[in-house]
Amino acid sequence: MITKVRISLDRITQFVSKKDIAALAPLMERCNRTVHKGDGRGSDFLGWVTLPSSIGKKQIADIMECADTLRACSEVVVVIGIGGSYLGAKAVMEALTPTFAAFDSSEGQPLVLFAGHNISEDYMAELLAFIKERSFSLIVISKSGTTTEPAIAFRLLREELEKRYGRKEAASRIMAVTDSSRGALRTLCDKEGYKSYVIPDNVGGRFSVLTPVGLLPLAVAGIDIARLVKGAAAMEKATAVDVPFEDNPAMQYAAARYALYTKLGKKVELLVAFEPKLQYMAEWWKQLYGESEGKEGKGIMPHSAVFTTDLHSMGQYIQQGERIMFETVISVGKPAGRVVIKSDRANLDGLNFLAGKRLSEVNRMAELGTMLAHVDGGVPNITVEMDSISAETIGMLIYMFEKAVGISGYAIEVNPFDQPGVEEYKKNMFALLNKPGYEEEGEKLKKRIAGR
Ligand code: PA5
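Residues numbered from 1 in each chain as written. Predicted model: local features only at pLDDT ≥ 70, side-chain atom pairs only at ≥ 80, totals over all residues. Heavy atoms only, no water.

Caption draft 1: Geometry of empty space enclosed by the protein. Within this structure, the stated rule accounts for three cavities of 30 Å³ or more. Along its surface, the largest cavity is lined by Ala254, Arg257, Tyr258, Tyr261, Glu293, Ile300, Ser408, Ala411 and Ile412. Of all the secondary-structure elements, those providing two or more residues to the lining of the largest cavity are α11 (249–262) and α15 (391–411). Counting residues per element, the lining of the largest cavity draws most heavily on α11, at four residues. Classifying every residue of the lining of the largest cavity gives six nonpolar, one polar and two charged. (1 Å grid on protein atoms, 1.4 Å probe; cavity = no way out; pocket = protein on both sides within 12 Å on 5 of 7 lines; lining within 4 Å. Points joined across faces, edges and corners; volume = space filled by probe spheres on them. Helix = DSSP H or I, 4+ residues; strand = E, 2+ residues; numbered from the N terminus. Nonpolar A, V, L, I, M, F, W, Y, C, P; charged D, E, K, R; others polar.)

Structure, rendered in structure tokens:
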């Protein structure tokens, strides 16, 4: 099956042979079957597997209608959420929105800003100051409905909204995405009458971008969510159990990284893009892979870079530092824009050798040159080839990475769908803030901090 997103393993074969990769087919097929059959660990959280093909036109239309309501009354829509309730929307928005649109007030689009993904007082103070003279609305997203960071942000922004518009109008400017019955956010929705969407029980936070968690903010931002879902559905088909290993991008990717990890001891994966628009796709991917695989003392550490920018900061380490990593390069075939470098009569900058070339050609040569240099330096290179950056290909990329992490997690024998370690810092934070029920732990921690 040919898709607009493909995996090329040509540049890892000098590290792991084609035969070694092919030998992993039975393991990858078994893990893919486990994902589909739901007979592995964490199988309560497999709702994402058939999500793209099950999203109907009606659901998309409903989300778009709600988004239009917010768009019509807001210069700014603040999306509140953290982790899986933030990164997917942020990533797709960055990938598909013109880079400078946020600075262009003639665009007629509401500006979509984020909150609740940090607890910085400066960030919040500056956000409150920014929206002071602008009409605004809120989308608050939390699967558990109890996460501290978005809950604090929602309290502060809701207060501002109610002060500005009164409680009744404020309620019409708030949309929530949360659990169907549990959590403080659900209680608030029911009590205040906020319009709300449900995050399905069987879809974990980091797999939720194709639910209203991602789709509602994206629709507000003017992203073609129907095409995004269509792309994901095409990849759902392309990575299904009946698609053989050689043609299945999720299994190919999972096999390559498994081989590099288990056979060569490569413990760090650097996701690289030569398009800055994909920077947040890498942030989303880091959560997906870090939370899914990093447990029980196992898992490849996900890291990322944007080239050529970071070649001028991280390039030295990648080329000659500890040989612990491999790269996965998202290689984009066609740019959307067109910029040609012209000839200059004086040629004082000495760049006439580039005259007549498009900037993308220079970027492409940088990409190829970098990959060859890194391979020569002992950094194997998996390539994810994308025809172009579009709603459809981003949808494909999302689903391919999701499917591959399910397979990868099962291959290294962890539960890819839980995140028990995320709770640890929360306990300490609550104890230090004197949250009722944490008093004893709080005393112990305060003594530790004071060095007693
Ligand atoms: O993937 C996950 O489950 C987490 O990263 C959550 O998305 C994150 O902690 C936010 O949780 P919630 O949506 O419950 O507020």
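Caption draft 2: Broad picture of the side chain of Thr147. Along the chain, Thr147 turns up in the loop between β4 (136–142) and α7 (148–172). Setting aside residues no more than four positions away along its own chain, Thr147 makes contact with Ile82 and Ser142. (Contact = heavy atoms within 4.5 Å.)

Caption draft 3: Expanded view of the nonpolar core. Formed by 99 residues in total, the largest nonpolar core has its most connected members in Met28, Trp284 and Phe401. Tallying contributions element by element places α15 first for this core, with twelve residues. Excluding residues within four positions of it along the chain, Phe401 makes contact with Tyr253, Leu271, Trp284, Trp285, Leu288, Tyr289, Ile330 and Val384. Grouped together as the second largest cluster of nonpolar side chains are 22 residues, Val78, Val140, Leu157 and Leu185 included. (Core = buried A, V, L, I, M, F, W, Y, C linked by side-chain atoms within 4.5 Å. Buried < 20%, exposed > 50% of the residue type's maximum accessible area, 1.4 Å probe, protein only.)

Caption draft 4: Broad picture of the pattern of salt bridges. Scanning the entire structure with this criterion turns up 26 salt bridges. For Arg71, the salt bridge is made with Asp68, and the minimal N-O distance between the two is 3.8 Å. In this pair, Arg71 and Asp68 both sit in helix α4 (residues 57–73), three residues apart, roughly one turn of the helix. Exposure remark for Asp68: the relative accessible area of 45% places this residue in the partly exposed category. With its nearest N and O atoms 3.4 Å apart, the salt bridge here joins Glu160 to Lys163. Linking Glu160 with Lys163, this pair stays in helix α7, spanning three residues, or about one helical turn. (Salt bridge = Lys/Arg side-chain N within 4 Å of Asp/Glu carboxyl O.)

Caption draft 5: Summary view of the environment of Arg6. Tracing the backbone shows Arg6 in strand β1 (residues 5–8). Arg6 sits 391 residues away from Leu397 along the chain, and the two C-alpha atoms are 9.2 Å apart. Excluding residues within four positions of it along the chain, Arg6 makes contact with Thr383, Val384, Glu385 and Asp387.

Caption draft 6: Expanded view of the layout of surface pockets. Size it by volume and the largest pocket reaches roughly 1,100 Å³. Lining the largest pocket are 37 residues, with Ala101, Ala102, Phe103, Leu111 and Val112 sitting closest to its centre. Where the lining of the largest pocket is concerned, the elements lending two or more residues are α5 (87–96), β3 (111–115) and α6 (121–131). Tallied by class, the residues present in the lining of the largest pocket amount to 19 nonpolar, nine polar and nine charged. Lining the second largest pocket are 32 residues, with Ser144, Thr147, Gln419, Glu423 and Lys426 sitting closest to its centre. Top element by residues in the lining of the second largest pocket is helix α16 (residues 423–432). It accounts for four residues. Broken down by class, the residue content of the lining of the second largest pocket amounts to nine nonpolar, 13 polar and ten charged.

Caption draft 7: Spatial organisation of the packing of aromatic side chains. All told, the structure shown has 15 aromatic pairs when counted by the stated rule. Relative to Phe401, the ring of Tyr253 has its centre 5.5 Å away and its plane inclined at 65°; by these criteria the two rings are edge-to-face. In this pair, Tyr253 is assigned in helix α11 and Phe401 in helix α15, connecting sequence segments 148 residues apart. In terms of burial, Tyr253 and Phe401 fall into one category: buried. For the pair Tyr289 and Phe401, a centre-to-centre distance of 6.1 Å together with 85° between the ring planes defines the contact as edge-to-face. Within this pair, whereas Tyr289 is found in helix α12 (residues 279–293), its partner Phe401 is found in helix α15, the two being separated by 112 residues in sequence. The residues Tyr289 and Phe401 share a single accessibility class, namely buried. (Phe/Tyr/Trp six-rings, centres within 6.5 Å; stacked < 30°, edge-to-face > 60°.)

Caption draft 8: Spatial organisation of the site of the ligand. Near the ligand there are 13 residues, and of these Ser85, Ser142, Ser144, Thr147 and Gln287 occur at the shortest range. Ser144 is positioned such that a nitrogen or oxygen atom in its side chain is 2.7 Å from an oxygen atom of the ligand. Measuring from an oxygen atom of the ligand, one finds a backbone N or O atom of Arg206 at 3.1 Å. Computed on the free molecule, the ligand has an accessible area of 380 Å², of which 88% lies beneath the protein chains in the complex. Spatially, the ligand is embedded in the second largest pocket. (Near = heavy atom within 4 Å. Polar contact = N/O pair within 3.5 Å; in protein donor to acceptor, adjacent residues only side chain to side chain. Areas by Shrake-Rupley, 256 points an atom, 1.4 Å probe, with all protein chains shown as cover. Sits in = over half its atoms within 2 Å of the grid points.)

Caption draft 9: Focus on the pairing of strand β6 (residues 195–198). Two strands pair when backbone bridges link them, and strand β5 (residues 174–178) and β6 are joined in this way by four bridges, in the parallel orientation. Paired with Met175 across the two strands is Lys195, which belongs to β6. (Pairing = 2+ DSSP bridges.)

Caption draft 10: Focus on the environment of Ala234. Among the secondary structure elements, Ala234 is positioned in helix α10 (residues 225–238). In this structure the C-alpha to C-alpha distance between Ala234 and Glu392, which are 158 residues apart in sequence, comes to 8.8 Å.

Caption draft 11: Local environment of the sheet that holds β3. An order of β3-β2-β4-β5-β6 is seen for the five strands of this open sheet, with the pairing classed as parallel. Here the strands that pair on one side only, and so sit at the sheet edges, are β3 and β6. On average, each strand axis in the sheet is inclined to that of its neighbour by 20°, with strand direction left out of account. Both strand β2 (residues 76–80) and β4 contribute to a ladder of five bridges, which runs parallel. By the bridge assignment for β4, Val78 is matched with Leu138. Along the sheet face, α4 touches β2, β4, β5 and β6 and points at about 145° away from the line of β6. (Axes fitted to C-alpha atoms, helices over the stretch in contact; angles between N-to-C directions.)

Caption draft 12: Main features of the packing of α12 against α15. The N-to-C vectors of α12 and α15 enclose an angle of 15°; their axes lie 10 Å apart at closest approach. Comparing the axis directions of α12 and α15 gives the class roughly parallel. For α12 against α15, the interelement crossing comes out right-handed. Where α12 abuts α15, its residues Met281, Trp284, Trp285, Leu288, Tyr289, Ser292 and Glu293 lie against Ile394, Leu397, Ile398, Phe401, Glu402, Ala404, Val405, Ser408 and Gly409. When grouped by side-chain class, the residues that make up the contact of α12 with α15 number eleven nonpolar, three polar and two charged. (Parallel < 35°, antiparallel > 145°, perpendicular 65-115°, else oblique. Left-handed = near helix turned anticlockwise from the far one by under 90°.)

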